[in-house]
Amino acid sequence: MRLFHQCLAVLCLAVLTLSPLRAATASELTVAAASDLKFALPEIVTGFQAAHKGDKIEVVYGSSGKLQTQIREGAPFDIFFSADIAYAQALRKDGFAATDPMPYAVGRLVLWSATRDASKMRLEDLADPKIGKIAIANPAHAPYGRCAEEVLRHAGLWDKVKDKLVFGENIAQATQYAETGAADVAMTALSIAVSKEASAKGGYALIPASLHSRLEQAYVVTRHGADKPLARAFLDYLKTKGSQAILVKFGFSPPGQAAR
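Residues numbered from 1 in each chain as written. Predicted model: local features only at pLDDT ≥ 70, side-chain atom pairs only at ≥ 80, totals over all residues. Heavy atoms only, no water.

(A) Fine view of the overall build of the protein. What the protein contains, in helices and strands, is 11 helices and 10 strands. Across the 260 residues that make up the protein, the buried fraction comes to 46%. Within the protein, counting contacts between residues at least 6 apart in sequence, those at least 24 apart form 77% of the total. Counting only carbon and sulfur atoms, one obtains 57% of the accessible surface of the protein, whose full area is about 12700 Å². (Helix = DSSP H or I, 4+ residues; strand = E, 2+ residues; numbered from the N terminus. Buried < 20%, exposed > 50% of the residue type's maximum accessible area, 1.4 Å probe, protein only. Contact = heavy atoms within 4.5 Å. Areas by Shrake-Rupley, 256 points an atom, 1.4 Å probe, with all protein chains shown as cover.)

So this is what it looks like as structure tokens:
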């Protein structure tokens with residue numbers, strides 16, 4: 001019995017000794033990501049964490065322009081995924097990023113609706129009086145919103161529909177407006193339209209990529225995340241075939257490839 005208690009004491013001591021070590025070696029990563037990644041990125045994070053148990057990854061979604069501003073103001077983000085490479089380039093130029101921007105995908109813009117068959121819609125249908133409100137992301141700080149405005153102007157529709165427009169803070173919120181009935185149609189990201197949630201409620205129609213600027217997307221490691229090995233490990237995982245397949249599944253084109 002005495003031997004048993006001695007062994008038990010040794011075991012408890014080992015547990016107490018190892019527990020701080022495990023806590024010390026666990027890492028945390030905070031990622032700022034464009035809202036068009038809100039369905040694709042969680043799948044990638046889940047796969048990564050399966051091999052990095054104990055490490056914690058938190059993802060904050062928003063418009064690329066606003067996330068960039070937050071990083072400049074000192075937000076503790078370690079990696080920034082931008083829907084427009086220009087925002088990532090600006091951070092690097094001004095010393096807020098520790099790495100050069102690395103393109104990871106090309107996005108696409110679509111028409112999506114929960115109340116009508118958007119798969120049969122044409123751009124000119126947006127001028128139809130039966131369509132009351134059209135949701136787009138705010139062009140001032142959201143790349144998809146800027147591209148939506150470019151499309152409408154290029155198609156000669158801007159003056160016809162500008163009074164119908166409702167602006168979301170980001171592309172996810174713009175989609176939500178169409179989902180809840182606050183808008184009849186959304187000009188949104190293909191990566192959102194193909195998600196289980198959106199495809200269960202409505203179809204979509206691709207908008208020709210020739211009508212707007214290329215939605216070249218890129219990431220950077222921020223100055224805050226410069227010394228975090230977990231940031232580098234996660235970005236290495238993003239380059240794997242499994243992660244790339246997830247991005248393609250959600251409608252993203254590889255960066256070196258023309259948008260479909």
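That shown, we press on.
(B) Fine view of the environment of Asp36. Mapped onto the elements of the fold, Asp36 is located in the loop between strand S1 (28-34) and helix H2 (40-50). Judged by its relative accessible area of 1%, Asp36 falls in the buried class. Asp36 sits 214 residues away from Phe250 along the chain, and the two C-alpha atoms are 9.6 Å apart. Residues contacting Asp36, with those up to four places away along its chain left out, are Ala83, Tyr144, Ile171, Ala189, Ser191, Ile192, Gln217 and Phe252. Engagement of the side chain of Asp36 in a polar contact is seen with the side chain of Tyr144, the distance being 2.9 Å. (Polar contact = N/O pair within 3.5 Å; in protein donor to acceptor, adjacent residues only side chain to side chain.)

(C) Here's a closer look at helix H7 (residues 171-180). Buried within H7 we find Ile171, Ala172, Ala174, Thr175 and Ala178. The buried residues of H7 occupy an angular sector of 160° when projected down its axis, which confines them to one face. As for H7, its buried residues are in contact with strand S5 (109-112), strand S6 (134-137), helix H5 (143-154), strand S7 (165-168), strand S8 (185-189) and helix H8 (190-193). Two or three places before Ala172, at the opening of H7, Asn170 has a side-chain oxygen 3.1 Å from that residue's backbone nitrogen. (Arc of directions from axis to C-beta.)

(D) Up close: the nonpolar core. Counting residues in hydrophobic clusters, the biggest one holds 57 residues, and the most contacted among them are Ile79, Phe81, Leu126, Met187 and Phe234. Excluding residues within four positions of it along the chain, Phe234 makes contact with Leu29, Leu41, Ile44, Val45, Phe48, Ile57, Ile79 and Phe81. (Core = buried A, V, L, I, M, F, W, Y, C linked by side-chain atoms within 4.5 Å.)

(E) Representation of the packing of helix H3 (residues 64-72) against helix H4 (residues 85-93) within the structure. In contact at an axis separation of 9 Å, H3 and H4 are set at 15° when each is read in the N-to-C sense. Taken together, H3 and H4 sit at an angle that is classed as roughly parallel. The two elements H3 and H4 meet at a crossing, and its hand is right-handed. Contacts between H3 and H4 involve Ser64, Gly65, Gln68, Ile71 and Arg72 from the former and Tyr87, Ala90 and Leu91 from the latter. Residues of the contact of H3 with H4, tallied by class, amount to four nonpolar, three polar and one charged. (Axes fitted to C-alpha atoms, helices over the stretch in contact; angles between N-to-C directions. Parallel < 35°, antiparallel > 145°, perpendicular 65-115°, else oblique. Left-handed = near helix turned anticlockwise from the far one by under 90°. Nonpolar A, V, L, I, M, F, W, Y, C, P; charged D, E, K, R; others polar.)

(F) The side chain of Gln68, seen in detail. The topology assignment puts Gln68 in helix H3. If sequence neighbours within four positions are ignored, Gln68 has contacts with Phe80, Tyr87, Ala90 and Leu91.

(G) Up close: the packing of H2 against helix H10 (residues 229-238). Orientation of H2 relative to H10, taken along the N-to-C sense of each, is 115°, at an axis distance of 10 Å. With respect to H10, the axis of H2 lies roughly perpendicular. The two elements H2 and H10 cross, and the hand of that crossing is right-handed. Touching Leu41, Ile44, Val45, Gly47 and Phe48 of H2 are Leu230, Ala233, Phe234, Tyr237 and Leu238, all from H10.

(H) Inspection of the sheet that holds strand S9 (residues 204-206) at higher detail. Read across the open sheet, the five strands follow the order S7-S6-S8-S5-S9; overall the sheet is mixed. Edge strands, defined here as strands with exactly one partner in the open sheet, are S7 and S9. Strand-to-strand twist in this sheet, taken as the mean axis angle between neighbours without regard to direction, amounts to 30°. The pairing of S6 with S7 spans four bridges and is parallel. In the sheet register, Ala137 faces S7, and the bridge partner there is Gly168. Running at roughly 150° to S8, H7 makes contact with S5, S6, S7 and S8 of the sheet. (Pairing = 2+ DSSP bridges.)

(I) Structural view of the sheet that holds strand S10 (residues 215-221). Strand order in the open sheet formed by five strands is S2-S1-S3-S10-S4, with mixed pairing between adjacent strands. Whereas interior strands pair on both sides, the edge strands pair on one side only; in this sheet they are strand S2 (56-62) and strand S4 (102-107). Sheet twist, expressed as the mean angle between neighbouring strand axes with direction ignored, is 20°. One ladder, built from four bridges, connects strand S3 (residues 79-82) with S10; its direction is antiparallel. Opposite Ile79, over in S10, you have Val221 as the bridge partner. Taken strand by strand, H3 contacts S1, S2 and S3, and its axis lies near 155° from that of S3. Along the sheet, H10 makes contact with S1, S2, S3, S4 and S10, crossing S3 at roughly 35°.

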